[in-house]
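# Observations on the three-dimensional arrangement
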Amino acid sequence: MDSDNGTTEESAGKQPQELIDQLISKVKAETPTLPVITMCIQPGSGGHMIAAEVARRLGVELYDKNMLVPMANAVDAESQALDAIEKERPSGIQDFISSLLNKNYVYTGDYLQYLKDTVEIIGKISNGVIVGRGANFILPYKGRFSVRTMAPLDIRVKNVAFRFGVSLDEAKKRVKNREQKRKNFVKEAFRKDITDPEHYDLIINTARMGLEAAVDAIIGAALGGQTEGVFEKENSFILRNRK
């Protein structure tokens, strides 16, 4: 009895991060792989910082713009060309005109295929954190944990204004422009609505929690689901487990 009480008191005295770190070690020891964590980020919500910290805490690879290098090598193209496509999200007619002006231009259709191939490979051989690029629409439901970070527009505008040293008006233009391009990309590439909450396992409102709390929430949810075998099931396990 004394031993049990001691254990309980010891656990109660630990900080949340210590408990999360223990869970990370437990999952790594008992399972061969962790789920790939995909991060869909509202511009200005701070999701890039969160993704980087999640990857660091889990000790896994962070896939963001570094994905463009192997993609470019696979097609003998410059990574800057793929970066331009990601930033501008050109339409079909823009594709055609750009191809006439630049012999090294990569069509967006080709880019999408390279992207799908790269993400699928990561999903098979790795358990990292993938930022954006519609990864949650590419990877199968099983074996991936999809997160979306968001915040009210005014908060995101202030974040961008502070981060880049621009006026609130300029920051608002940047946020809305980038947000619309991401929405259009997902709609055109995957026929999905990026804002639909059904596409995500966890939605984090960064206006309501700090960096560490957001990271703890993501890791706790992803690893908790892994230990309970959620990623091997098609449907929710909560009601099914009720007595």
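Residues numbered from 1 in each chain as written. Predicted model: local features only at pLDDT ≥ 70, side-chain atom pairs only at ≥ 80, totals over all residues. Heavy atoms only, no water.

## Thoughts on the overall build of the protein chain
Secondary structure assignment for the protein chain yields 11 helices and 5 strands. Scored against the burial criterion, the 243 residues of the protein chain give a buried share of 39%. Taking the contacts inside the protein chain whose residues are at least 6 apart along the sequence as the reference set, 70% of them involve residues at least 24 apart. In the structure as shown, the protein chain presents an accessible area of about 14,300 Å², 52% of it carried by carbon and sulfur atoms. (Helix = DSSP H or I, 4+ residues; strand = E, 2+ residues; numbered from the N terminus. Buried < 20%, exposed > 50% of the residue type's maximum accessible area, 1.4 Å probe, protein only. Contact = heavy atoms within 4.5 Å. Areas by Shrake-Rupley, 256 points an atom, 1.4 Å probe, with all protein chains shown as cover.)

## Let's talk about the sheet that holds strand β1 (residues 36-41)
Overall, parallel pairing links the 5 strands, which are arranged β2-β3-β1-β4-β5 in an open sheet. Edge positions in the open sheet fall to β2 (62-63) and β5 (202-205), since each of these has one partner strand only. Summarising the sheet, β2 and strand β3 (residues 129-131) pair through 2 bridges and their orientation is parallel. In the strand pairing of β3, Tyr63 is matched with Ile130. Across the sheet, helix α3 (residues 47-58) touches β1, β2, β3 and β4 (144-150), and the angle it forms with β1 is around 165°. (Pairing = 2+ DSSP bridges. Axes fitted to C-alpha atoms, helices over the stretch in contact; angles between N-to-C directions.)

## As for the pairing of β1
Within β1, 6 of the 6 residues are buried, which leaves the element mostly enclosed by the surrounding structure. Both faces of β1 are covered, namely the face carrying Val36, Thr38 and Cys40 and the face carrying Ile37, Met39 and Ile41. Direction of pairing for β1 relative to β4: parallel, over a ladder of 6 bridges. Looking across to β4, one finds that Thr38 is bridged to Ser146. Bridge count between β1 and β3: 3 bridges; the pairing is parallel. In the sheet register, Thr38 faces β3, and the bridge partner there is Ile130.

## Side note on the pattern of salt bridges
One pass over the full model with this rule turns up 7 salt bridges. Among the ionic pairs, Arg57 bridges to Asp216, the shortest N-O distance being 3.1 Å. Residue Arg57 is located in helix α3, and its partner Asp216 is located in helix α11 (residues 211-227); the two are separated by 159 residues in the primary sequence. Just as Arg57 is buried, Asp216 falls in that class too. Arg156 is paired through a salt bridge with Glu179; the nearest N and O atoms lie 3.5 Å apart. Separated by 23 residues along the polypeptide, Arg156 in helix α9 (residues 153-164) and Glu179 in helix α10 (residues 168-190) bring together distant segments of the chain. Given a relative accessible area of 3%, Arg156 falls into the buried group. For Glu179, a relative accessible area of 23% puts it in the partly exposed group. Salt bridges sharing common partners tie together Arg57, Glu212 and Asp216. (Salt bridge = Lys/Arg side-chain N within 4 Å of Asp/Glu carboxyl O.)

## Thoughts on α3
Over its 12 residues, α3 runs 16 Å from end to end, which matches the ideal 16 Å to within 8%, given 1.5 Å per residue. Of all the residues in α3, the buried ones are Gly47, Ile50, Ala51, Glu53, Val54, Ala55, Arg57 and Leu58. Phi turns positive, to about 70°, at Gly59, one or two residues after α3. (Expected span 1.5 Å × (residues − 1).)

## Focus on the nonpolar core
In terms of nonpolar packing, the biggest core is built from 21 residues, with Ile37, Met39, Val54, Leu58, Val129 and Ile218 touching the most fellow members. Every element with two or more residues in this core is listed here: β1, α3, β3, β4 and α11. For this core, the element with the most residues is α11, which contributes 6 residues. Formed by 18 residues, the second largest nonpolar core is a distinct cluster that contains Val119, Ile130, Phe185 and Ala189. (Core = buried A, V, L, I, M, F, W, Y, C linked by side-chain atoms within 4.5 Å.)

## Quick word on unusual backbone geometry
A positive phi is found at Arg133, a non-glycine position, where the angle reads about 60°. Along the chain, Arg133 falls in the loop between β3 and α8 (135-138). Unusually for a residue other than glycine, Arg191 sits at a positive phi of about 55°. Among the structural elements, Arg191 can be located in the loop between α10 and β5. Taking relative accessible area as the criterion, Arg191 reaches 67% and is therefore assigned exposed.

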